[in-house]
Amino acid sequence: QVQLVESGGGLVQPGRSLRLSCVASGRILSIDRMAWYRQALGKERELVAVIASGGSTSYSDSVKGLFTISRDNALKTVYLQMNSLKPEDTADYFCMANIATTSWRGVDYWGKGTLVTVSS
């Protein structure tokens with residue numbers, strides 16, 4: 001029943017900004033950590049940023065100072081603000097959330113991804 005749906009991807013020129021959103025829905029008891037991953041063509045999926053339930057954040061070195069992850073617990077939404085985008089940021093971006101439903105232990109759920117293309 002749990003779903004994660006990303007939005008906000010698209011084509012953007014280098015140096016511009018984009019904001020991704022991911023909304024969780026379904027039977028949810030609680031949400032622990034939430035994160036953004038990305039996967040470029042021919043590469044493995046990599047962690048971009050993570051935010052804990054209390055708000056602590058961690059970033060990949062390549063996006064520190066440029067991307068910002070945030071969450072709105074009331075809306076069950078995680079965001080990724082991406083500034084100064086570069087062609088190498090082109091990838092399919094996925095959100096992940098550790099969610100407890102009918103059990104006490106949370107399970108990782110994944111969205112289907114939203115494509116970000118940075119090109120002139």
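Above this text you will find the structure in question.
These lines cover the structure that appears in this document, whether it is placed above or below. What you see is a predicted model, and the numbers here were worked out from it, not measured in a lab. (Residues numbered from 1 in each chain as written. Predicted model: local features only at pLDDT ≥ 70, side-chain atom pairs only at ≥ 80, totals over all residues. Heavy atoms only, no water.)

### Thoughts on the overall build of the protein
No. 1: What the protein contains, in helices and strands, is zero helices and 11 strands.
No. 2: A compact globule built from 120 residues should have a C-alpha radius of gyration of about 14 Å, and the protein, at 14 Å, falls within 12% of that.
No. 3: Referenced to the eigenvectors of the C-alpha coordinate spread, the extents of the protein come out at roughly 45 × 25 × 25 Å.
No. 4: With 120 residues in all, the protein has 38% of them scored as buried.
No. 5: Sequence separation of 24 or more characterises 55% of the internal contacts of the protein that already satisfy a separation of 6 or more.
No. 6: Looking at the protein as shown, the accessible area adds up to about 6,800 Å², and 48% of this sits on carbon and sulfur atoms. (Helix = DSSP H or I, 4+ residues; strand = E, 2+ residues; numbered from the N terminus. Rg over C-alpha atoms; globule rule 2.2 N^0.38 Å. Buried < 20%, exposed > 50% of the residue type's maximum accessible area, 1.4 Å probe, protein only. Contact = heavy atoms within 4.5 Å. Areas by Shrake-Rupley, 256 points an atom, 1.4 Å probe, with all protein chains shown as cover.)

### A short note on the state of the cysteines
No. 1: Tallied over the entire structure, the rule returns one disulfide.
No. 2: A sulfur-sulfur separation of 1.8 Å characterises the disulfide bridge that pairs Cys-22 with Cys-95. Of the two residues, Cys-22 sits in strand β3 (residues 18-25) while Cys-95 sits in strand β9 (residues 91-100), which places them 73 residues apart along the sequence. Each member of the pair, Cys-22 as well as Cys-95, carries the same accessibility label: buried. (Disulfide = S-S within 2.5 Å.)

### Brief notes about the nonpolar core
No. 1: Of all hydrophobic cores here, the largest spans 28 residues; its most connected members are Trp-36, Leu-80, Met-82 and Tyr-93.
No. 2: Among the elements of the structure, β3, β4 (30-39), β5 (46-51), β7 (67-72), β8 (77-82), β9 and β11 (114-118) are those that each provide at least two residues to this core.
No. 3: Sorting elements by how many residues they give to this core places β9 first, with five residues. (Core = buried A, V, L, I, M, F, W, Y, C linked by side-chain atoms within 4.5 Å.)

### A few points about the environment of Ser-70
No. 1: Residue placement: Ser-70 occurs in strand β7.
No. 2: Setting aside residues up to four positions removed in sequence, Ser-70 forms contacts with Ile-51, Thr-77, Val-78 and Tyr-79.

### So, the sheet that holds β7
No. 1: Strands sit in the order β1-β3-β8-β7 across an open sheet of four strands; the sheet is antiparallel. Either end of the sheet is taken by a strand with one partner, and the two such strands are β1 (3-7) and β7. Strand-to-strand twist of the sheet, defined as the mean angle between neighbouring strand axes without regard to direction, takes the value 15°.
No. 2: Across six bridges, β7 lies against β8 in antiparallel orientation. Residue pairing across strands places Ser-70 opposite Tyr-79, the latter belonging to β8. (Pairing = 2+ DSSP bridges. Axes fitted to C-alpha atoms, helices over the stretch in contact; angles between N-to-C directions.)

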